[in-house]
Amino acid sequence: MAAPRANVPLAALGTLGVGGTARWFLRAEHADDVAAARSWCEEQSTPWFVLGAGSNVVIADRGFDGLMLQIGMTGMTASRDGQEWLITAGAGESWDSLVQMAVDRGLAGVECLSGIPGTVGGTPIQNVGAYGQEVSSTIEQVTVYDCADHTMRSMRAAECGFSYRMSRFKAADEGRFVVCEVTLRLRPGPPTVTYADVAAFLRRSNASAATVEIVRDAVLTIRRSKGMVVEANDPDSRSVGSFFMNPVVTNADRERVASLAGERPPGFATIDGRVKIPAAWLIERSGFTKGYVDGAVGISTKHPLALINRGGATAADVLRLARAVKQGVGDRFGVWLRPEPIFVGFDADPDVDFLTKAPS
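Residues numbered from 1 in each chain as written. Predicted model: local features only at pLDDT ≥ 70, side-chain atom pairs only at ≥ 80, totals over all residues. Heavy atoms only, no water.

**Focus on the sheet that holds strand 17 (residues 293–294)**
Under the convention used in this document: Pairing between strands is defined by DSSP: at least two bridges between them are needed. Going along the chain from the N terminus, every DSSP run of H or I of four or more residues is numbered as a helix, and every run of E of two or more is numbered as a strand. In this description, contact between two residues means that some pair of their heavy atoms is separated by no more than 4.5 Å. Axes, fitted as lines to C-alpha atoms, cover a helix only where it is in contact. Angles between the N-to-C directions of the axes lie from 0 to 180 degrees.
The strand order across the open sheet formed by three strands is 17-18-19, and the pairing between neighbours is antiparallel. Lying at the two open borders of the sheet, with one neighbouring strand each, are strand 17 and strand 19 (307–309). In the sheet, strand 17 pairs with strand 18 (residues 297–299) via two bridges, with the strands oriented antiparallel. Bridge pairing in strand 18 links V293 to G298. Running at roughly 35 degrees to strand 18, helix 8 (residues 315–333) makes contact with strand 17, strand 18 and strand 19 of the sheet.

Have a look at this one:
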């Protein structure tokens, strides 16, 4: 393992572009580097945080007083397994590169996850999902470093505790495991076209028969129109993507929201008999419309779920706006949104507490 570097600025390592410096910084190119970094932290009594592409983190203005370990393991392989394919990728590989590899081979299962920023290693942690697909439905195994017993191990999908935007890596075992490699099981076949936005786009495009290539192109176009593809020339993409998760509520709650709004919110039935309603719908009807400005931060002109750095923003600015949005939706509809990003370097911060905890 190379020696960690001291006092490394972090803002440029996140898509939101905020945050201070890391006391120590190291990029792990191999799984052995992860184990060595963990041992180094224990010897130094120094905390660590494992960073991917920085597309789903809000870093504190004070930075991080520990080791920021950036995952840099790359490489992808694809192999047949009967009628199916296994694609294995290093945790530091670009997620969209993996999707492109799958689509180039005509494999279905992740085409609707095109354009999602970040690394392969972050996808099982978040159980990334979009446009009718979740990565958990394709995961064959996840190879992790176990910080508890200092060993490498592989987990099957059933061991990962997947649920909506959640996994054991983010919940009960948060901080215990470092994802080093992910294997997906994919199949040749028709794409997923269950999401209304995708189906409508394909109808407008007069696509005679949807293929995984056509659906990937459709998803990329839709995401780009919403500022959800990270591009240097698009200020609306200077964000963490969707800042809030879509809330899952009871049917009675949905009817109450409809009564308060004077219109019925869109809804998607879940397997437990509840309904998922769009956070974007709630946000807009609580007075936070696209293009809303609050100093150096604001809401994307393309999508109300993206809180953006308009230039020169601080993490405190982002939290102030996020808190106002959550409070506004809660006051208007009695629905309390949960944030998607991870908050790094914040110690007993009242805004982070408010955002991450249910109201008492």
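**A look at helix 6 (residues 251–261)**
Where we set the bar: The rule is simple: take the accessible area with a 1.4 Å probe, protein chains only, and divide by the maximum for that residue type; under 20% is buried, over 50% is exposed, in between is partly exposed. The directions considered for the arc run from the helix axis to the C-beta atoms.
Here helix 6 has its buried residues at R254, V257 and A258. Looking straight down helix 6, one finds that the buried residues subtend no more than 100 degrees of arc, so they occupy a single side. Exposed residues pointing more than 90 degrees away from the buried face of helix 6 are listed as A252 and S259. Tucked inside the fold, the buried residues of helix 6 contact strand 14 (248–249), strand 16 (275–276), helix 7 (279–284) and helix 8. Just past helix 6, the residue G262 takes up positive phi, approximately 80 degrees.

**Remarks on the packing of helix 4 (residues 196–204) against helix 5 (residues 212–225)**
Basically, it comes down to this: For classification, angles of less than 35 degrees are called roughly parallel, those exceeding 145 degrees roughly antiparallel, those between 65 and 115 degrees roughly perpendicular, and all remaining angles oblique. The nonpolar class holds Ala, Val, Leu, Ile, Met, Phe, Trp, Tyr, Cys and Pro. Asp, Glu, Lys and Arg form the charged class, and all remaining residues, Gly among them, are polar.
Axis separation between helix 4 and helix 5 bottoms out at 10 Å; the angle between their running directions is 110 degrees. Considering the angle they form, helix 4 stands roughly perpendicular to helix 5. Every residue of helix 5 that contacts helix 4 at D197, V198, F201 and L202 is listed here: I214, V215, A218, V219, T221 and I222. A breakdown of the residues in the contact of helix 4 with helix 5 according to their chemical character gives eight nonpolar, one polar and one charged.

**A few points about the pattern of salt bridges**
We count it as follows: The working definition used for a salt bridge is a side-chain nitrogen of Lys or Arg within 4 Å of a carboxyl oxygen of Asp or Glu.
Enumeration according to the criterion identifies 25 salt bridges in this entry. The salt bridge partner of D197 is K226, with a shortest N-O separation of 2.9 Å. Remark: K226 occurs in the loop between helix 5 and strand 14 and D197 occurs in helix 4; sequence separation between them is 29 residues. What makes D197 partly exposed here is its relative accessible area of 31%. When salt bridges that share partners are traced, they join D81, E84, E140, R156 and R185 into one network.

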